Amino acid sequence: MILRSVPARVGLLWVRFGFACLMRRPLQALLLVLVYFGLVAALQLVPLLGIPLSIAVTQVTTLGFMQGARNIARGQPAWPTVFAQLLRVPPRRLRSMLLLCLVYALALMLALGLSSLADGGALLRLFLFSAYPAKGAVANGALGQAGLITLLVYLPVSMAFWFAPPLVAWWGMGVAQALFTSFVVVGRNLGAFALYVAQWWGLFAATLILGSLAAAALRLDTSSLLLELPLWLLLFAPFALSFQASVHSLLGEPPADGS
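Residues numbered from 1 in each chain as written. Predicted model: local features only at pLDDT ≥ 70, side-chain atom pairs only at ≥ 80, totals over all residues. Heavy atoms only, no water.

Enquirer: I keep staring at the overall build of the protein chain and nothing clicks. Help me out?
Expert: Within the protein chain, the regular secondary structure consists of 13 helices and zero strands. Listing each helix as α and each strand as β along the protein chain from the N terminus yields α-α-α-α-α-α-α-α-α-α-α-α-α. The buried share of the protein chain, reckoned over its 259 residues, is 44%. Across the protein chain, every contact between residues at least 6 apart in sequence was considered, and the portion connecting residues at least 24 apart equals 73%. (Helix = DSSP H or I, 4+ residues; strand = E, 2+ residues; numbered from the N terminus. Buried < 20%, exposed > 50% of the residue type's maximum accessible area, 1.4 Å probe, protein only. Contact = heavy atoms within 4.5 Å.)

As structure tokens, this is what we get:
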């Protein structure tokens, strides 16, 4: 494996790759998204553990989207069975992936827990139990401060976990080595990731604005969510498939004993 550094403009090419995958296999790409959200929704029904489980499983589904994008780039099918790829890895890598899922859930819960220093746990309760915060927490800005703390803590977490799933499942790294390697690679390419994230934020924000304008133009009495949701689902497909572009660009192809 060669750890590469690329110019910032390459981050825009990663976004284009996601849309190219959608255009090549639109039905399969959208099925991947629907199965992903269906799985998350089903896990959230589990009492007490639903939210942590739905967080943990994102490490597995991220790997599935990456494999799906690889298949599409090779001209191969990318049906939702790619999410079961983890079951075909050697037992040692499977154990490492399960540990990675656990560590990710704990890291995100830690980020939310630290936010309680600002709002007394209002954001944490909202995330875990859908308990709307008191008006005072919103009015005095405590909820916004909690969100900022969560974001600042989550940024290094996201850097460490960005490449961790393929590094564990495809390259056979241990969890600690994968997290460190991912953090270093992302840190060496912050310009590319900044452009990548900025473009996706802009696209999702534009979708929100477009849905609101369409609802106003059609004089809908209900929320514009009914218009925005299909657009978000359509946009989420290239977003998730674009993850693989960064893997190929910065890590190259996995060894023959990978995927």
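More follows now that the structure is in view.
Enquirer: Any chance you could explain the environment of alanine 214 here in plain terms?
Expert: Relative to the helices and strands, alanine 214 is located in helix H11 (residues 190–217). As a C-alpha pair, alanine 214 and glutamate 228 span 14 residues in sequence and 9.3 Å in three-dimensional space.

Enquirer: Looking at this structure, I do not really get the packing of aromatic side chains. What am I missing?
Expert: Counted according to the given criterion, the structure contains 19 aromatic pairs. Between tyrosine 36 and phenylalanine 65, the ring centres sit 5.8 Å apart and the planes meet at 70°, which makes this aromatic pair edge-to-face. Note that tyrosine 36 is positioned in helix H2 (residues 26–43) and phenylalanine 65 in helix H4 (residues 58–73), a separation of 29 residues in sequence. Here the two residues tyrosine 36 and phenylalanine 65 agree in accessibility, since each one is buried. Here the aromatic rings of phenylalanine 37 and phenylalanine 236 are separated by 5.1 Å at their centres, their planes lie at 55°, and the arrangement is tilted. With phenylalanine 37 in helix H2 and phenylalanine 236 in helix H12 (residues 225–241), this pair connects stretches of sequence that are 199 residues apart. In this arrangement the basic side chain of arginine 70 is found over the ring face of tryptophan 170, its NZ or CZ atom lying 4.7 Å from the centre. (Phe/Tyr/Trp six-rings, centres within 6.5 Å; stacked < 30°, edge-to-face > 60°. Lys NZ or Arg CZ within 6 Å of the ring centre and 35° of its normal.)

Enquirer: Even after reading the chapter, I still don't get the pattern of salt bridges, so can you show me in this structure?
Expert: A side chain with one charge may pair with a side chain of the opposite charge, provided their charged atoms come close. Counting across every chain of the model gives two salt bridges. Taking the shortest distance from any N to any O, the salt bridge between arginine 74 and glutamate 253 comes out at 3.7 Å. Note that arginine 74 is positioned in the loop between H4 and helix H5 (91–119) and glutamate 253 in the segment after helix H13 (243–250), a separation of 179 residues in sequence. By relative accessible area, arginine 74 is classed as partly exposed at 43%. Here the salt bridges do not stand alone but share partners, grouping Arg70, Arg74 and Glu253 into one network. (Salt bridge = Lys/Arg side-chain N within 4 Å of Asp/Glu carboxyl O.)

Enquirer: Whenever I open this one, the packing of helix H1 (residues 10–24) against H13 confuses me. Can you help?
Expert: The relative placement of two packed helices comes down to the angle between their axes together with the axis-to-axis distance. Contact pair H1 / H13: the axes reach a minimum separation of 7 Å and the direction vectors enclose 135°. Our classification of the angle between H1 and H13 gives oblique. In this structure, H1 meets H13 at a crossing whose hand is right-handed. Contacts between H1 and H13 involve Val10, Trp14 and Phe17 on the former and, on the latter, Gln244, Ala245, Ser246, Ser249 and Leu250. Classifying every residue of the contact of H1 with H13 by side-chain character gives five nonpolar, three polar and no charged. (Axes fitted to C-alpha atoms, helices over the stretch in contact; angles between N-to-C directions. Parallel < 35°, antiparallel > 145°, perpendicular 65-115°, else oblique. Left-handed = near helix turned anticlockwise from the far one by under 90°. Nonpolar A, V, L, I, M, F, W, Y, C, P; charged D, E, K, R; others polar.)

Enquirer: Can you walk me through H1 in this structure?
Expert: Turn by turn, an α-helix covers 3.6 residues, leaving residues three or four places apart pointing in a common direction. Here H1 spans 21 Å end to end across 15 residues, near enough to the 21 Å set by a 1.5 Å rise per residue. Among the residues making up H1, those that are buried are Val10, Gly11, Trp14, Val15, Gly18, Cys21 and Leu22. (Expected span 1.5 Å × (residues − 1).)

Enquirer: Before we go on, may I ask you to explain the side chain of glutamine 244 in this structure?
Expert: Of note, glutamine 244 is situated in helix H13. Using a relative accessible area of 4% as the deciding quantity, one classes glutamine 244 as buried. Leaving out residues up to four positions away in the same chain, glutamine 244 has contacts with Phe17, Met66, Ala69, Arg70 and Trp170.

Enquirer: What is the right way to read the side chain of threonine 207 from this model?
Expert: Looking at where threonine 207 falls in the secondary structure, it is placed in helix H11. The class for threonine 207 is buried, based on a relative accessible area of 10%. Here the side chain of threonine 207 touches leucine 203 through a polar contact of 2.9 Å, landing on its backbone oxygen. Not counting residues up to four positions away in its chain, the partners in contact with threonine 207 are Glu228, Leu231, Trp232 and Leu235. (Polar contact = N/O pair within 3.5 Å; in protein donor to acceptor, adjacent residues only side chain to side chain.)

Enquirer: Teacher, can you tell me more about a nonpolar patch on the surface here?
Expert: Taken together, the side chains of Val46, Leu48, Leu49 and Leu53 make up a nonpolar region of the molecular surface, amounting to roughly 390 Å² of accessible area. Among the secondary structure elements, leucine 53 is positioned in helix H3 (residues 50–56). Using a relative accessible area of 35% as the deciding quantity, one classes leucine 53 as partly exposed. (Patch = residues over 30% accessible without salt bridge, like charges linked within 9 Å, V, L, I, M, F, W, Y side chains within 5 Å. Areas by Shrake-Rupley, 256 points an atom, 1.4 Å probe, with all protein chains shown as cover.)

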